[in-house]
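Here is what each chain is made of, one letter per residue.
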Amino acid sequence: MYVAVKGGERAIENAHAWLAEERRGDTSIAELSLEQIREQLSLAVNRVMAEGSLFDPDLAALAIKQARGDLIEAIFLIRAYRTTLPRFGATQPIETGDMACDRRISATFKDAPGGQVLGPTFDYTHRLLDFKLAADGEVPEAEMGTPRTEATPHITEFLKDEDIIQTEAASDETPGDLTREPLEFPATRPLRLQSLTRGDEGFILGMAYSTQRGYARNHAFVGELRIGKCPVEMEIPELGFAIEIGEIEVTECETVNQFKGSKTEPPQFTRGYGLVFGQSERKSIAMALVDRALRWKELGEDNLGAAAQDEEFVLSHSDNIQATGFLEHIKLPHYVDFQSELELVRKLRREAAELAETLAAREAAE
Amino acid sequence: MTDQIAAQDRKRWLSLLATADEGQLAQLWQDSGRAPAFRWLRTPEAGGVMVRGRAGGTGAPFNLGEMTVTRCSLALENGTVGHGYVQGRSKAKAEIAAKVDALMQTDCSEDLRAQILNPLADAQHKARTTRAAKAAATKVEFFTLVRGED
């Protein structure tokens, strides 16, 4: 039996009004502008764009403000908005080799052509709270060097000549899109990468960490990490040629992994790949480690039964919007479900009590 | 051949318009004092495009995520068609881009190039060079300490 229950409209309205007031906080304190969020909380904006799977810093800033800084709620808002946008098409794959690098480091090659460029990094800071930021501090201007004018080549390109690193098979195959067709297993690598890049940073980090701690250990080095802007080109049907329709900031990580060879592959270095919207370094490295762990089958490695090797486990649980939707729905009214459970437990208790009574009576009679 | 050069040139200005700072573009357009009569072929609409990357940077394409784009098309009175495709959700920016695209195919292209495209290109070049210069200042200069044993 389905019982519809109505009511609570006024309570809901009032709750939302109070939410708006709480979101604003103390009105004697200046209100946050979207520009302030976009410019000064840019890494939060980046995370919302990456996991919301929509590159638009202004929208991400709005979502963060509306969600009171709850990033998963903000990602939810972006995902919902994204579904209302008509899809104009797909771009050509971005050329990360042409990236204008703000940061580019390699943990494996000290003297990589193009050099080790640190960029605006938290690395090497002491992680001590900076109380100058609590006051209105003037920021000294960043130093300038001689700008590099040529493109910075990928480091794996140098290893490729020696055939000592596995090459990526060139392809122009149209990739599957998990926003259009539900994900099925086994998934192709393009679908895995799409799923990982929009997956929850904490979850992907945890999975990657598990591989480092020994669950499907694959000895990853960061061959290269680069952050910067890439032009985005798309074929315009009306024009008959491709134009640059925009520019996006991305973080790319390539891991180089020790590989002793397998039944099908010679001993050589293998690769894991991470590419994420915005300056999202931790996520990008984690993505590369998990991508590498999930490639065990194509590389002829053994399935060690590790969670990070199980694509169904990883990909089915990495989406924080799916996860939060299912998790949080259990707080919504389940009165009827619960009523039937209650009836059931009462009945079982009644029967157990009756049985005990019967047994006691029989014992007394004997 | 000329068609190819023309297409190359058009690609360059459309790319410049797509990534231009909206405030600067609007100001330059206003300063140019142009208000051509036109009719809409497609009114401005905001949408998304799926941005792709490649596995390993060079391998098979995969879907990275979407970005917002606004597009429109219009025709000037003489029939010249202009298209605007710009990053983000600004209909006003797409409209200016389409008008500039159309006018760049008319006699006033050289004036427009000087009034709008060149300043946009200069601003972009300056912004890129500044970032590249800041990045260059963070490049590590390694030095090796000479050790005692030989």
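### Some thoughts on the overall build of chain A
Point 1. A count of helical and extended segments in chain A gives 12 helices and 6 strands.
Point 2. Since a compact globule built from 366 residues should have a radius of gyration of about 21 Å, the 27 Å found for chain A marks it as more spread out than a globular shape.
Point 3. Taken along its principal axes, the extent of the C-alpha atoms in chain A is 100 × 65 × 55 Å.
Point 4. Across chain A, every contact between residues at least 6 apart in sequence was considered, and the portion connecting residues at least 24 apart equals 65%.

### Some words on the overall build of chain B
Point 1. The number of helices and strands found in chain B is 4 helices and 3 strands.
Point 2. The N-to-C order of helical and strand elements in chain B reads α-α-β-β-β-α-α.
Point 3. Here the C-alpha atoms of chain B give a radius of gyration of 21 Å, more than 25% beyond the 15 Å that 2.2 N^0.38 yields for 150 residues.
Point 4. Projecting the C-alpha coordinates of chain B onto the three principal axes gives extents of approximately 85 × 35 × 35 Å.
Point 5. By residue count, 49% of the 150 residues in chain B fall in the buried class.
Point 6. The long-range share in chain B, meaning contacts at least 24 apart out of those at least 6 apart in sequence, stands at 54%.
Point 7. When the accessible surface of chain B is totalled, it reaches about 7500 Å², and 50% of it is carbon and sulfur.
Point 8. Looking at chain B, you have 20 positive and 17 negative side-chain charges, and the mean spots of the two groups are 6 Å apart.

### A few points about the domain arrangement of chain A
Residues and elements named next belong to chain A.
Point 1. Once the domains are mapped, chain A shows domain 1 (30-86) and domain 2 (96-119 + 150-167 + 179-325).
Point 2. Counting from both sides, the interface comprises 14 residues of domain 1 and, opposite them, 20 residues of domain 2.
Point 3. Where domain 1 abuts domain 2, roughly 1400 Å² becomes buried across the two surfaces, and 59% of that area is made up of carbon and sulfur atoms.
Point 4. When residues of domain 1 are sorted by the area they lose upon contact with domain 2, E51, F55 and R79 head the list and together hold 38% of the total.
Point 5. Counting every contact that joins domain 1 to domain 2 gives 2 salt bridges.
Point 6. Salt-bridge contacts for R47 lead to D200; the nearest nitrogen and oxygen are separated by 3.1 Å.
Point 7. Inspection of the region where domain 1 meets domain 2 yields 6 residue pairs in polar contact (both at pLDDT 80 or more).
Point 8. Of all the elements in the fold, those that place two or more residues in the side of domain 1 that touches domain 2 are α3 (42-52), β1 (54-55) and α5 (71-82).

### Remarks on helix α4 (residues 57-66) of chain A
Point 1. Burial in α4(A) covers these residues: L59(A), A60(A), A61(A), A63(A) and I64(A).
Point 2. Residues of α4(A) that are buried in the fold lie against α2 (34-40), α3, β1 and α5 of chain A together with β2 (61-76) of chain B.
Point 3. A positive backbone phi angle near 55° is found at R68(A), which sits one or two residues after α4(A).

### A word on the pairing of strand β3 (residues 100-105) of chain A
Residue and element names in this part refer to chain A.
Point 1. Most of β3 is tucked away, with 5 of its 6 residues classed as buried.
Point 2. As judged from the 5 bridges shared by β3 and strand β4 (residues 220-236), these two strands associate in the antiparallel manner. Across the sheet, A100 pairs through a bridge with K229, a residue of β4.

### Observations concerning the side chain of Q116(A)
Point 1. Counting through the fold element by element, Q116(A) comes out in the loop between β3 and α6 (156-160).
Point 2. Here Q116(A) falls in the buried class, since its relative accessible area comes to 7%.
Point 3. Among the polar contacts made by the side chain of Q116(A), one reaches the main-chain carbonyl oxygen of K110(A) at a distance of 3.3 Å.
Point 4. The residues touching Q116(A), leaving out its near neighbours within four places in the chain, are R104(A), I105(A), S106(A), F109(A), K110(A), T138(B), K139(B), V140(B) and F142(B).

### Here we look at the interface of chain A and chain B
Point 1. Chain A puts 76 residues into the contact, and the matching count from chain B is 55 residues.
Point 2. In total, about 5600 Å² of surface goes out of reach between chain A and chain B, with carbon and sulfur atoms giving 61% of it.
Point 3. In terms of surface lost to chain B, no three residues of chain A exceed F88(A), E238(A) and I245(A), which account for 12% of the buried area on that side.
Point 4. Between the two partners, chain A and chain B, sit 8 salt bridges.
Point 5. One salt bridge in this structure joins E247(A) and R128(B), with 3.0 Å as the shortest N-O distance.
Point 6. Across the chain A-chain B interface, the total number found is 28 residue pairs in polar contact (both at pLDDT 80 or more).
Point 7. Looking at the side of chain A that touches chain B residue by residue, the classes come out as 35 nonpolar, 18 polar and 23 charged.
Point 8. The sheet contact formed by strand β2 (residues 87-90) of chain A and strand β1 (residues 38-54) of chain B spans 3 bridges and is parallel. Following the sheet pairing, R87(A) is matched in β1(B) by G48(B).

### Observations concerning the nonpolar core
Point 1. Counting 87 residues, the largest nonpolar core has I94(A), I245(A), I248(A), V250(A), L64(B), M67(B) and V100(B) as its most contacted members.
Point 2. Composition of this core by domain shows at least three residues from each of domain 1 (30-86) and domain 2 (96-119 + 150-167 + 179-325) of chain A.
Point 3. Once residues within four sequence positions are removed from consideration, I248(A) is found in contact with F55(A), I94(A), G228(A), K229(A), C230(A), V232(A), F277(A), V51(B), L64(B), M67(B) and Q87(B).

### A few points about the sheet that holds strand β5 (residues 241-257) of chain A
Residue and element names in this part refer to chain A.
Point 1. The strand order β3-β4-β5-β6 describes an open sheet built from 4 strands, whose pairing is antiparallel. Sheet topology places β3 and β6 (270-277) at the edges, where each strand pairs with a single neighbour. On average, each strand axis in the sheet is inclined to that of its neighbour by 25°, with strand direction left out of account.

### Some words on the confidence of the model for chain B
Point 1. Residues with a pLDDT of 70 or more make up 96% of chain B, whose mean pLDDT is 94.
Point 2. For chain B, per-element mean pLDDT is lowest for helix α1 (residues 2-19) of chain B, which scores 89, and highest for β2(B), which scores 98.

### Section: the pattern of salt bridges
Point 1. All chains considered together, the criterion is met by 42 salt bridges over all chains.
Point 2. Across the salt bridge formed by E66(B) and R87(A), the nearest N and O atoms sit 2.8 Å from each other. Here the residue E66(B) occupies a position in strand β2, and R87(A) occupies one in strand β2, the pair thus bridging two chains.
Point 3. Since its relative accessible area comes to 2%, E66(B) is described here as buried.
Point 4. For the salt bridge of D9(B) with R113(B), the shortest nitrogen-to-oxygen distance reads 2.9 Å. Note that D9(B) is positioned in helix α1 and R113(B) in helix α4 (residues 109-137), a separation of 104 residues in sequence.
Point 5. Since its relative accessible area comes to 19%, D9(B) is described here as buried.
Point 6. Here R113(B) falls in the partly exposed class, since its relative accessible area comes to 23%.

About the thresholds
Residues numbered from 1 in each chain as written. Chains lettered and ligands numbered in written order. Predicted model: local features only at pLDDT ≥ 70, side-chain atom pairs only at ≥ 80, totals over all residues. Heavy atoms only, no water. Helix = DSSP H or I, 4+ residues; strand = E, 2+ residues; numbered from the N terminus. Rg over C-alpha atoms; globule rule 2.2 N^0.38 Å. Contact = heavy atoms within 4.5 Å. Buried < 20%, exposed > 50% of the residue type's maximum accessible area, 1.4 Å probe, protein only. Areas by Shrake-Rupley, 256 points an atom, 1.4 Å probe, with all protein chains shown as cover. Lys, Arg positive; Asp, Glu negative; His and termini not counted. Charge placed at Lys NZ, Arg CZ, Asp CG, Glu CD. Domains from an automatic or database assignment. Buried area = accessible area lost by both parts, 1.4 Å probe. Salt bridge = Lys/Arg side-chain N within 4 Å of Asp/Glu carboxyl O. Polar contact = N/O pair within 3.5 Å; in protein donor to acceptor, adjacent residues only side chain to side chain. Pairing = 2+ DSSP bridges. Nonpolar A, V, L, I, M, F, W, Y, C, P; charged D, E, K, R; others polar. Core = buried A, V, L, I, M, F, W, Y, C linked by side-chain atoms within 4.5 Å. Axes fitted to C-alpha atoms, helices over the stretch in contact; angles between N-to-C directions. pLDDT = per-residue confidence, 0-100.

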